[in-house]
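One letter stands for each residue in the lines below.
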Amino acid sequence: MQFIDLGAQRERIKDRLKAAIDRVVDEGRYILGPQVAEFEAKLANYIGTKHVIACANGTDALLLPLMAAGIGPGDAVFVPSFTFAATAEVVALRQAEPVFVDIDPKTYNIDIASLEAAIAMVKSQGRLKPKAIIPVDLFGLTADYDAIMAIASRENLLVIEDAAQSIGGSAGRTMCGAFGHVGSTSFYPAKPLGCYGDGGAMFTNDDALAEKLRSFAFHGKGETQYDNIHVGINSRLDTLQAAILIEKLAILEDEMEARHKVAQRYADGLGDIVTAANNPAAGRSAWAQYAIETPKRDGLKAHLQEKGIPSVIYYVKPLHSQVAYSAYPQTPTGLTVSEELPSSILCLPMHPYLSEADQDRIIETIRNYIGSNSAQAAAE
Ligand SMILES: Cc1ncc(COP(=O)(O)O)c(C=O)c1O
């Protein structure tokens, strides 16, 4: 059994992928070939934004909007502490300061009261200028953008949606990637929409911002490639990866439905014995991960491993507790949820090709372990 089974997907579209890859190799336009623009247009249509700017990876997709907005030394960018390092890393790379905010215990996304407290603290201290928020749609579930955008417009902050885990997800009629002033995603192979290497993209409806993002991703180019108007970087999506992504995007909706069914089966099978994630009422999660919480997590993980069932702890440590990030500011109301969650959270196998038989075995193994443990505890 696989945690994420990319092989099953590859088998499904193998012939189309091979033909697409051969075409790129034969045509020889390996950098910015026609498949890149084609993929950008198809993805823009799917997400519902005017512009998609493909780039080299999800980390650059977060870094480039900070560069385009001129965020740097003396600036504060509010980020959740319970996320992948890249969310805060890009802020520190710009020599600005990530300010760590706690997460909501139910959604695992940035907590609004904690965000408000962090902004008030930065303003009252006066050392840093509040400039941006990077909410993360963790595990595929949309952050609370109604509240976040209201705060952002009141405080004049840029919102960069970290949609690395949420392509295919939505809230209301809006697809993830289309929230905030700019959305950023990753096409790392294990993501809901992944390529066969590194890749990323940015989404925006703002023409001027889109032009700047394209420039910064291409050595700060102006009118031509040899006209440099900004200090930029080299961040492009390879033509080969774009060709692969065109084929994967074509089956994404179908895969989202399959993920939704897997999530529902987990919720039905486990909801009474562990804290299990549920499908959101409005919109849908992209189900990049399926997380459960149990105080018996360590024993359960070892038991699953014995039975040949993979599971992963995302994340073992919140960012504010990591050596690289421990000196950066934190919200004044504490980061309790981010600190406590790593001891009870466990992510189960989740992908569109998980068979009902395999899933039933996972559910039964968890039920047997938690049940026998509870009986043992009751007897002691
Ligand atoms: C929440 C989050 N942000 C950013 C990234 C960075 O993406 P990449 O690995 O493509 O640089 C990732 C993925 O690994 C992620 O999970």
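Each remark here, short or long, concerns the structure printed above.
Residues numbered from 1 in each chain as written. Predicted model: local features only at pLDDT ≥ 70, side-chain atom pairs only at ≥ 80, totals over all residues. Heavy atoms only, no water.

S.K.: How should the nonpolar core be read in this particular structure?
M.R.: The tendency in soluble globular proteins is for nonpolar side chains to be buried side by side. If you look at the biggest cluster of nonpolar residues, it comprises 35 residues, and the most contacted ones within it are F139, Y266, Y290, I292, L348 and I366. For this core, the secondary-structure elements that each account for two or more residues are α9 (252–270), β11 (290–293), α10 (297–306), β12 (345–348) and α12 (356–379). Residues within four places of F139 in sequence aside, it is in contact with F82, Y108, Q165, S285, W287, A288, Q289, A291, Y314, Y315, I345 and C347. Core analysis: the second largest hydrophobic core is formed by 31 residues, L209, A210, L319 and Y325 among them. (Core = buried A, V, L, I, M, F, W, Y, C linked by side-chain atoms within 4.5 Å. Buried < 20%, exposed > 50% of the residue type's maximum accessible area, 1.4 Å probe, protein only. Helix = DSSP H or I, 4+ residues; strand = E, 2+ residues; numbered from the N terminus. Contact = heavy atoms within 4.5 Å.)

S.K.: Could you clarify how one ought to interpret helix α6 (residues 145–155) in this entry?
M.R.: An α-helix turns once every 3.6 residues. As a result, residues three or four positions apart point the same way. Along α6, the residues that are buried comprise Y145, A147, I148, I151, A152 and E155. Looking straight down α6, one finds that the buried residues subtend no more than 160° of arc, so they occupy a single side. Relative to its buried face, α6 has exposed residues pointing more than 90 degrees away, namely D146 and S153. Elements that come into contact with the buried residues of α6 comprise α5 (112–125), β4 (129–133) and β5 (158–162). Taken from the residues just after α6, N156 is the one with a positive phi, measuring 60°. (Arc of directions from axis to C-beta.)

S.K.: Help me understand unusual backbone geometry in this model?
M.R.: Across residues other than glycine, the phi torsion is negative in most instances, and most of the peptide bonds are trans. Following Y314, the chain continues into Y315 via a peptide bond in cis, with omega recorded as -5°. Along the chain, Y315 falls in the loop between α10 and α11 (336–340). Even without a glycine there, the phi angle at Y108 is positive, about 65°. Accessibility expressed as a relative area gives 9% for Y108, which makes it buried. Notably, N156 is not glycine yet its phi reads approximately 60°, a positive angle. Among the residues examined, N156 registers a relative accessible area of 69% and is labelled exposed.

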